[in-house]
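Chain residues, written in single-letter form:
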Amino acid sequence: MLKTFPIGGIHPSESKISKDCRIEPMPLPAMVTIPLSQHIGTPSEAIVVKGDRVLTGQLIGRSSGFVSSNVHSSVTGTVMAVDTFVDQGGMRRPCITIQTEPDEWVPGIDLSGNVVRECNLSPAEIIAKVAAAGVVGMGGATFPTHVKLTVPTGKKAEYLIINGVECEPYLTDDYRVMMERGEEVLVGVSILARAIGVDRIMVGIENNKPDAIKHLAQLAPEIDSRIEVVPLKVCYPQGSEKHLIAALTGRQVPSGGLPIDVGAIVQNVGTALAVYEAVQKNKPLIERVVTVTGQSLVRQANLKVRIGTSVTDLIEYCGGLPADTGKVVAGGPMMGRAMARLDVPVVKGMSAVLVIPDESARRQSEQLCVRCGKCVSACPMGLEPYLLSKMVRKAMWNGAEAHNITDCIECGSCSWTCLSALPLLDYIRVGKAEVMRRIRARKGR
Amino acid sequence: MDKRLVVSPSPHVHGSLTTPRVMLDVVLALLPALAVSTWIFGWRVLGVTFVSVACCVVFEYLIQRFMLKGPLTISNWSAVVTGMLLAFNLPVSIPLWMVAVGALVAIGVGKMTFGGLGKNPFNPALVGRVFMLFSFPVAMTTFPQLADAATGATPLSAIKGALASGMTVHEALATVNWSYSDLLVGFKSGSFGEVSAIALVLGFVWLLVRRVITWHIPVYVLGTIIIFTGILWGVNPDAYMSPIFHILTGGALLGAIFMATDYVTSPMTHGGMLIYSIGIGVITVLIRIWGQYPEGMSFAILIMNSVVPLIDKYVRPRRFGAVRKAKA
């Protein structure tokens, strides 16, 4: 029996149509727009001004607090503006735009292809290097990695869990990284374990990627014998931190708690690669692998993209936006965000650009709830989505709180499974925000 | 890029199951039983089914169009399912006008008075069926004579009568002309949709494969019947029939697979399903063995339907991470 998490879950069509496309470097764009806030926490502060010449890998935005992250120039060129841009959701955000010239790297960055396995740095030195390189969670949450590696006093880390699940349909960037950069990923994993001082290391990969499981399982013993590659039963949302921990260790993060409460620290495979590059190669996080995919797209690709490259450039590189496009999603189809505009930059947490044709971009019309109970069975948190959505519609905030609306991880399983196409998660999101606001107000008083 | 894009919150994909598709799957799952019944009881089976389905669909249409003046939902196939299930619960010889009356009660009273699909507290087909049982008791309990059968009594009523007259199980079984294999295939008298155990189980497999229902309710209901009757049979096999007899007769399989699992009138959580199913099983056996009627499945389901809102209020699903947060 393959392991998986204990409650709920769904199995959406996998649609990994770009899985055989090797990672290819995307040509340098003419211009990059680098947002100063690509992470959870306070935005970084610009340390360059218009007219400055910057090198590839040079620090241009300095971390402005503990939960914050450095931002580096992903290209060589001239700073055209330190200004704002309108992001995919229509919000103005601070950014630095740079006109690109041929690459000239900051001295000290190791650009050679040879893999450096040896690492004798102390945990503090590793964490400092990770922080300096601006590494954040690459799975999409973009939580600054150095913060995650700093175990709070009174807590003890027992497990390092590496997330190679990639349970979202369509996404293949983590899969390609595991296949093509497997050795570096595992060295990164070993460094992460060293930083937090744990001996139990597990890499969770869903069983629909048998070659990735085999590849990493073969490499692991020679890099770090403590690394255990664990195949998991395919079940969405296994890539959720809490559910991956439960699948691998059987421990459930308590409601309202953090992974460290059960002794676990979870890092994505892409993050492990970024950590490897930061620590062993002195290379800051200035590029990432982005899956560009969609049934109607001329060509599928897994592109190595400089941070700040416009999504428009990515789509043009893959044959242009198909005429029948209805929706473009940043990320996977279950939890990604629909983009209102495409002239926005690739950021550290953007794993994919998914093009959806018009006929499947629109929602089906809502019908009456037939009480089938499928949302209850599907919810991986053991909530009652039908009931929560009704409570939110009736503004029953206390009831929604009593029914644990704040536990919702917004995975979308309820909406996906609903026979009547009810927008259950839409209501739950609204309710969750309102209930959390009320809880904060109550605590403030 | 001037392209106007659709923007909506996630998820951006949806599963392939929808209400009409699920209802169609239930119709498909009922077809094997319909085929076997037609083979055993003749073409009138199809006539009764057609009248029942047609009346349910037409009544739902008329009520929505002229009384509720709301959106039409007959295209979701749910009225077809109600019509088929109502027909399956009738004797083949039932006069067709009675079928029409039953359909009117099932759709009109059982479903539309509450607001239509999703709002009805009771299984509409069973509301129609029980109404007919009380209104037309003779027509509803006159079953066809099969082959060289001495009476048209159903196995349940024949055995119940024989046991009530003081016979032992062994003597009672000597008075009937069917074997257990007949019960399995369907050569017995009864409501025409309930006779073939094999065909009904085939339908169950289809519903499971298509993920229309889960195994929980049917297995819990039948399991409860088996355990309850098994205890009685184990204590006194001369006075009580075996669990196999109870599973293969009456509406046990049709009820457990197709009626108790009705989405609208069954609980939402697995824990709730367990309570509901045990209730159905226990009440069925109580009625069969100590009640006035030979069969109690319909009543048991309707009674437990009425408890569902209460079950849903108090039985909550197992929650992820439902432990007290350790104080740091």
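Right, let's walk through the structure included here. Just so it is clear, the structure is predicted and the values come from calculations on it, not from any experiment. (Residues numbered from 1 in each chain as written. Chains lettered and ligands numbered in written order. Predicted model: local features only at pLDDT ≥ 70, side-chain atom pairs only at ≥ 80, totals over all residues. Heavy atoms only, no water.)

### Focus: helix 3 (residues 173-180) of chain A
Worth spelling out the cut-off: The buried label goes to any residue with under 20% of its type's maximum accessible area, the exposed label to any with over 50%, and the partly exposed label to all in between, with areas taken from a 1.4 Å probe on protein chains only. Think of it this way: any DSSP run of H or I at least four residues long counts as a helix, any run of E at least two long counts as a strand, and we number them from the N terminus.
Where burial is concerned, most of helix 3 of chain A is hidden: six out of the eight residues are buried. Taken together, the buried positions of helix 3 of chain A are A:Asp173, A:Asp174, A:Tyr175, A:Arg176, A:Val177 and A:Met178.

### Description of the pattern of salt bridges
Residues and elements named next belong to chain A. For clarity, the cut-off: Salt bridges are identified by distance alone: a Lys or Arg side-chain nitrogen within 4 Å of an Asp or Glu carboxyl oxygen.
Scanning all chains against the criterion turns up 38 salt bridges over all chains. The salt bridge involving Arg 226 is made with Asp 224; its shortest N-O contact spans 2.8 Å. Note on Arg 226: relative accessible area 32%, which makes it partly exposed. For the salt bridge of Lys 283 with Glu 287, the shortest nitrogen-to-oxygen distance reads 2.5 Å. In terms of burial, Lys 283 and Glu 287 fall into one category: buried. Beyond isolated ion pairs, a larger network of salt bridges with shared partners links Asp 103, Arg 181, Glu 184, Glu 277, Lys 283, Glu 287, Lys 304 and Arg 306.

### Focus: the sheet that holds strand 7 (residues 76-86) of chain A
Residue and element names in this part refer to chain A. Spelled out, the test is: Strands are treated as partners if at least two bridges between them are detected by DSSP.
One open sheet accounts for four strands, arranged 2-8-7-4; its pairing is antiparallel. The open sheet has two free edges, formed respectively by strand 2 (31-35) and strand 4 (53-54), since each of these has just one partner strand. Here strand 4 pairs with strand 7 via two bridges, running antiparallel. By the bridge assignment, Arg 53 is partnered in strand 7 with Thr 78.

### Quick look at the interface of chain B and chain A
For clarity, the threshold we go by: Residue contacts are defined here by distance: any two heavy atoms, one from each residue, within 4.5 Å place the two residues in contact. Put simply, buried area is how much 1.4 Å-probe accessible surface two parts lose in total, over both of them, once they are put together. Between N or O atoms, a polar contact is any pair within 3.5 Å; within protein, one atom must be a potential hydrogen donor and the other a potential acceptor, and residues adjacent in sequence are included only when both atoms are from side chains. Amino acids are sorted into nonpolar (Ala, Val, Leu, Ile, Met, Phe, Trp, Tyr, Cys and Pro), charged (Asp, Glu, Lys and Arg) and polar (every other residue, Gly among them).
Facing 43 residues of chain B, the contacting portion of chain A comprises 69 residues. Interface of chain B and chain A: buried area, both sides summed, is about 4600 Å²; carbon and sulfur atoms make up 57% of it. Our enumeration of links across chain B and chain A arrives at three salt bridges. For A:Arg371, the salt bridge is made with B:Asp312, and the minimal N-O distance between the two is 2.8 Å. On the surface where chain B and chain A come into contact, there are 29 residue pairs in polar contact (both at pLDDT 80 or more). Sorting the residues of the side of chain B that touches chain A by element identifies helix 1 (19-41) and helix 15 (297-314) of chain B as the ones contributing at least two each. Partitioned by chemical class, the residues of the side of chain B that touches chain A number 22 nonpolar, 13 polar and eight charged.

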